[in-house]
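Residues per chain, in single letters:
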Amino acid sequence: MPQVLTQTQSQHLEQQLRLSQQQLQLVKLLEMPIAEFEQQVKKELMDNPALEDGAGEEKENDSDAVLSDEIDKNDTGIDLYGDSESEASSDFSVYGDDDLPVYMSGHAGEVRNDFLVGDSGSFIEYLESQMMNYDLQKDEETILKYLIGSLDNRGFIDRPVATIVEELAFKEYLYVSERDVENVLTVLQSFDPAGIGARSTQECLLLQIDRQLNSIDEPVSELKERILILERRIIKDYYDLFINKNKEKLKEKLNVSAIQIDALFEDIKKLNVNPGFALNESSASRVQSQIPDFIVETGLEGNIQIRLNSGEVPRLHVSKDYINQLKKFQQDPDRLTRSEKEGMLYTRQKIDAAQMFIESVKQRRRTLYETMKAIVDLQRTFFLTKDEDDKVRLVLEDVAKRSGYDVSTISRVCNSKCALLDGRIYPLSSFFKLTRKNADGEEIDGHHVKEMLSEIVASEEKSNPYTDEKIVELMKEKGVKLARRTIAKYRVEMGIPSVTNRRG
């Protein structure tokens, strides 16, 4: 029977939610504690010449967000410029010399609040602490510890796997194959920081790019994914051209423009080629400072004040020189040469990026303030008494409703930040219930999960204990879907040894 080819046309409606570039930037800034945020601001100032700090310029009296019970919700001490949710404008002819996007941090006399929390341990100890997230056999643990001890100053494995196999046999009396070492090396390369355990700079860069591409916790946008794929091709297939900066040849290979190839180079340059730089840090330099993101103070009359810790974030503004340069380009755009048009495009892109970053910083400040205000409102009794019995175990939805923000936004704000309450540090996470979603998407108490885990471990055969993967399956049968790494974290918190150490 002869084949008949037919062509059909169908139509369907699909709704997708895509974050704008500014929204993605804001999401990242919200997740950063103050110390990391300071570094990000410094990085933006270095990367974008159109973004300038106002060191030495006249400061406003005080732009800290201070809250008493009587202060209006919208009065956060922040001078917002325009709509922070809108995209950056591409026409800057409307700006006067004194009307540029500006971000003001705290006043010049603000005291930075740092608290020493002791020796953070060596970098090697930090790597070894990550081993508990994996179910490793005894031989695998030995190999992994040996690999960690074999890292050079850059965090690389600087000798062939075959040599390591011989060293293990000679020094550890452990006889394994090269494949065994390769498998364990893959585990090491999944540790933080990304790029650790690489055998070359090329592999180090590829590990970091792959980490971003395959991230489940922080999925990248479609645009960023395409950029990362191009960067991976450059490093994997055309590494020689990259290190020799042969951009013309790379343009032909990748079929991209000169501006795009420059952007790809700039993005790759941001990757860390020395992930093990902390290996040689002295013990003194490893003393950490815990920096609160919020300062909460209570008064005798039951008043509560909230301040955002502005840290060392300077006054930010768009460069007047770049604004003036763009105005010159816009005076007679039809008579511009090709190089002048590229210059105008570059100038506009940098100004757009600078304005967008300033607006994101302002929105971050407002969001943090409103979130902390909602927590204080809901935990008012505890903040006044400091009595743990008065602490209300909140869920994210409580704060989301109170502040008017989405639950995901509240989660990002509270994930890694802390507040200084009358001289004592409290992680924001301590004000919330430990919850997980079950198979039906319903919230369950994390303490209940720990009870289930304890029961499963108690019922196992000592000669054949359950692996973390098996526990995941058993939990799933009980209606609780959790990742293997989450089970490992619960197990470590509860003091339950790994499967190897539980075997009787």
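The numbers attached to residues start from 1 for each chain and follow its sequence in the written order. Residue-level local features of this predicted model are given only where pLDDT is at least 70; pairs of side-chain atoms are given and counted only at 80 or more, and the full residue set underlies all totals for whole chains, interfaces and linings. Hydrogens and water molecules were not included; the side-chain quantities draw on all heavy atoms of the structure.

Draft legend 1. Structural detail: the sheet that holds strand β8 (residues 418-421). At least two DSSP bridges between two strands are required for those strands to pair. Secondary structure elements follow DSSP: runs of H or I of four or more residues count as helices, runs of E of two or more count as strands, with numbering from the N terminus. Read across the sheet, 4 strands follow the order β6-β5-β8-β9 without closing on themselves; strand pairing throughout is mixed. What marks the edges here is a single partner per strand, and that holds for β6 (304-308) and β9 (424-427). For this sheet, the mean angle separating the axes of adjacent strands, direction not counted, is 25°. Taken together, the 5 bridges between strand β5 (residues 294-298) and β6 define a ladder with antiparallel strand orientation. Residue T298 lies in a different strand from β6, and its bridge partner there is I304. Any two residues whose heavy atoms approach within 4.5 Å are treated as being in contact. To obtain an axis, a line is fitted to C-alpha atoms, over the contacting stretch when the element is a helix, and the angle between two such axes runs from 0 to 180 degrees between their N-to-C directions. On the sheet, helix α13 (residues 338-378) packs against β5, β6 and β8 and is oriented at approximately 155° with respect to β6.

Draft legend 2. The side chain of S319, seen in detail. You can see S319 is positioned in the loop between β7 (316-318) and α12 (320-331). Burial status follows relative accessibility: with a 1.4 Å probe on protein chains alone, a residue under 20% of its type maximum counts as buried, one over 50% as exposed, and anything between as partly exposed. Residue S319 is classed as buried on the basis of its relative accessible area of 1%. Identification of polar contacts relies on pairs of N or O atoms within 3.5 Å, with a donor-acceptor requirement for protein atoms, meaning one able to donate a hydrogen and the other able to accept it, and with residues adjacent in sequence counted only if both atoms are side-chain atoms. For S319, the side chain forms a polar contact with the main-chain nitrogen of D321, separated by 3.3 Å. The residues contacting S319, other than those within four sequence positions of it, are P49, A50 and E52.

Draft legend 3. Broad picture of the pattern of salt bridges. Any carboxyl oxygen of Asp or Glu that lies within 4 Å of a side-chain nitrogen of Lys or Arg is treated as forming a salt bridge with it. Here the structure, examined in full by the defined rule, presents 23 salt bridges. For E473, the salt bridge is made with K470, and the minimal N-O distance between the two is 3.8 Å. Of the two residues, E473 and K470 are both situated in helix α18 (residues 468-477); the distance of 3 residues between them amounts to about one turn of the helix. Exposure remark for E473: the relative accessible area of 44% places this residue in the partly exposed category.

Draft legend 4. Examining the packing of aromatic side chains more closely. When two rings of Phe, Tyr or Trp (its six-membered ring) have centres within 6.5 Å they constitute a pair, described as stacked for plane angles under 30 degrees, edge-to-face for angles over 60, and tilted for the intermediate range. A full pass over the atoms with the stated rule returns 8 aromatic pairs. Taken together, the aromatic side chains of F382, F383, Y426 and F431 make up a single cluster linked through ring pairs. Here the guanidinium or amino end of K391 rests over the ring plane of F382, the centre of that ring lying 4.8 Å away. As a reminder, the over-ring test applies to NZ of lysine and CZ of arginine, requiring each to be within 6 Å of the ring centre and within 35 degrees of the ring normal.

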